[in-house]
Amino acid sequence: MIERIELRPGYSISRVIKGGWQLSEGHSQINYHDPIRDMEAFVASGINTFDCADIYTGVEELIGNYIRKETKRGTLDPNLKVLTKFVPDYNQLPSINKRYVESIIDRSLMRLGLERLDMVQFAWWTYDIPGWVETALWLQELQSAGKIDLISSTNFNTAATAEIIDAGVDLATVQVQYSLLDHRPQKSLIKLCQKYDTQLLCYGTVAGGFLSERWLGQPEPITELENRSLVKYKLMIEEIGGWGHFQELLRLLNKIASKHGTTLTNIATRYILDKPQVAGVIIGARNAAHIEANLTLSHIELTSQDRDEIDSFLSKVGQPPGDVFDIERDKKGKHGRIMRYNLNQK
Ligand SMILES: NC(=O)c1ccc[n+]([C@@H]2O[C@H](COP(=O)([O-])OP(=O)(O)OC[C@H]3O[C@@H](n4cnc5c(N)ncnc54)[C@H](OP(=O)(O)O)[C@@H]3O)[C@@H](O)[C@H]2O)c1
């Protein structure tokens, strides 16, 4: 039921990926479910690719507990893929060295209870401090030593991605924000990725849940939002021109969804899944509530008229400026101010 894609020979992932940020201590205060049981449900449904990060506090450990439990029972899905990240702290960047990189990779291995990481997606907070190419090459050495299967990146713009690739690093994927609210990857990154067989893993496709029936016809929220994901994507709604434009988008998606007998969330997700070079969408999951909806994604076939209507709407509204993650890198700007830059020491 869930589409799959091969990233490199013999290495495949589900095209819907379970996002892990929502389980981290820093995301929100609500923690009322059983995350291990939810992981079982995701894997049973075919969504057996999990995204996480060294900086999502407690999440590598949770997935490690799941892996240990399944291994003990002899039921671990051999196709499970855990895509983690290496996000060195901002304060660490000036003095980063190979030993530090290896210590974080070893810590992820230990937390996950694995001998080799399926994927490490590498991030770098600022281009003002050089060192990202050297760090990518150290990751490559750890790959040669057998500690990492695939190397990927997250949130680099096109120029920095090209530098890493030019240095000889085979980037299997780039993880970037790509949604109906944010098409920055279309400006130049996708073209580069096409040249090097690098696929996109996309976050933000459902905008923290804003792109759903829950917000259709609702007034703009003025009280504090429930979690950090919503705070982040509310800023993206401002980039397209604000709540009025956003409601217009929801109405359009809802109209298309009614025609297909599905949800507007699924239309927003399918639209991105169908874009060139997109391998998968990472959908944040606080629990297993949306699995059923995710499973119906593969049945939706958008028509050229659906796509034209969406494209025509998007051509009329604003877009986040710059290349991928450029505005988020500005620590003093509204997108950068909400980031937490030194989470790795926790
Ligand atoms: N590389 C990076 O910098 C980066 C940044 C952000 C995220 N990520 C990754 O991407 C993942 C996704 O995070 P995100 O912040 O972009 O969140 P998101 O996936 O846009 O939103 C997740 C929320 O949307 C709602 N939702 C999910 N499926 C739905 C459906 N079918 N129908 C209606 N609502 C639905 C759920 O809210 P409710 O639980 O309230 O229903 C869920 O918690 C993260 O977990 C993380 O793994 C990476």
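See the structure shown above.
Now for a look at the structure at hand. Everything numeric here is computed off the predicted structure, so don't read it as measured data.

Rules and cut-offs
- All residue numbers refer to positions counted from 1 along the written sequence of the respective chain.
- Local features are withheld for residues below a pLDDT of 70 in this predicted model, meaning they are given only at 70 or higher, and side-chain atom pairs are given and counted only at 80 or more; totals for whole chains, interfaces and linings count all residues.
- Excluding hydrogens and water, the side-chain figures rest on all heavy atoms present in the structure.
- To be near a molecule or strand, a residue needs just one of its heavy atoms within 4 Å of it.
- Side-chain atoms alone can form a polar contact between residues adjacent in sequence; in general such a contact is a pair of N or O atoms within 3.5 Å, and within protein one must be able to donate a hydrogen while the other accepts it.
- Here the open area of atoms and residues is found with the Shrake-Rupley method and a 1.4 Å probe, where only the protein chains shown may cover a residue.
- In this description a helix means any DSSP run of H or I spanning at least four residues, a strand means any run of E spanning at least two, and both kinds are numbered starting from the N terminus.
- Each residue is assigned to one of three classes by its accessible area relative to the maximum for its type, calculated with a 1.4 Å probe on protein chains only: buried under 20%, partly exposed between the two thresholds, exposed over 50%.
- Two strands form a pair only when DSSP identifies at least two bridges running between them.
- Think of it like this: strands point away, you trace from the first strand over the helix to the second, and a clockwise trace means the crossover is right-handed.

This paragraph deals with the site of the ligand. Every one of the 27 residues lining the ligand counts as a neighbour, but Gln22, Asp51, Gly208, Ser229 and Tyr233 are closest to it. Separating an oxygen atom of the ligand from a backbone N or O atom of Gly20 is a distance of 3.1 Å. One of the backbone nitrogen or oxygen atoms of Gly209 is found 3.2 Å away from an oxygen atom of the ligand. Relative to its unbound accessible area of 900 Å², the ligand is 92% covered by the protein chains. Looking at the shell around the ligand, the elements with two or more residues in it are helix H7 (228–239) and strand E10 (278–284). A total of 3 residues in the shell around the ligand trace back to one element, the largest contributor, which is E10.

The next point concerns the pairing of strand E7 (residues 148–154). Taking burial as the measure, the 7 residues of E7 include 7 buried ones, the bulk of the element. Pairing of strand E6 (residues 117–122) with E7 involves 5 bridges; the strand directions are parallel. Residue pairing across strands places Phe122 opposite Ser153, the latter belonging to E7. With respect to chirality, the unit in which E6 leads through helix H4 (residues 132–144) into the neighbouring parallel E7 is right-handed. As paired strands, E7 and strand E8 (residues 171–177) are joined by 3 bridges and run parallel to one another. Across the sheet, residue Ser153 finds its bridge partner in E8, namely Val174.

Moving on to the pairing of E8. The element E8 is largely enclosed, with a buried count of 7 among its 7 residues. The β-α-β motif built from E7, the intervening helix H5 (residues 158–166) and the parallel element E8 has right-handed crossover chirality. Running through helix H6 (residues 189–195), the crossover from E8 to the neighbouring parallel element strand E9 (residues 199–203) is right-handed.

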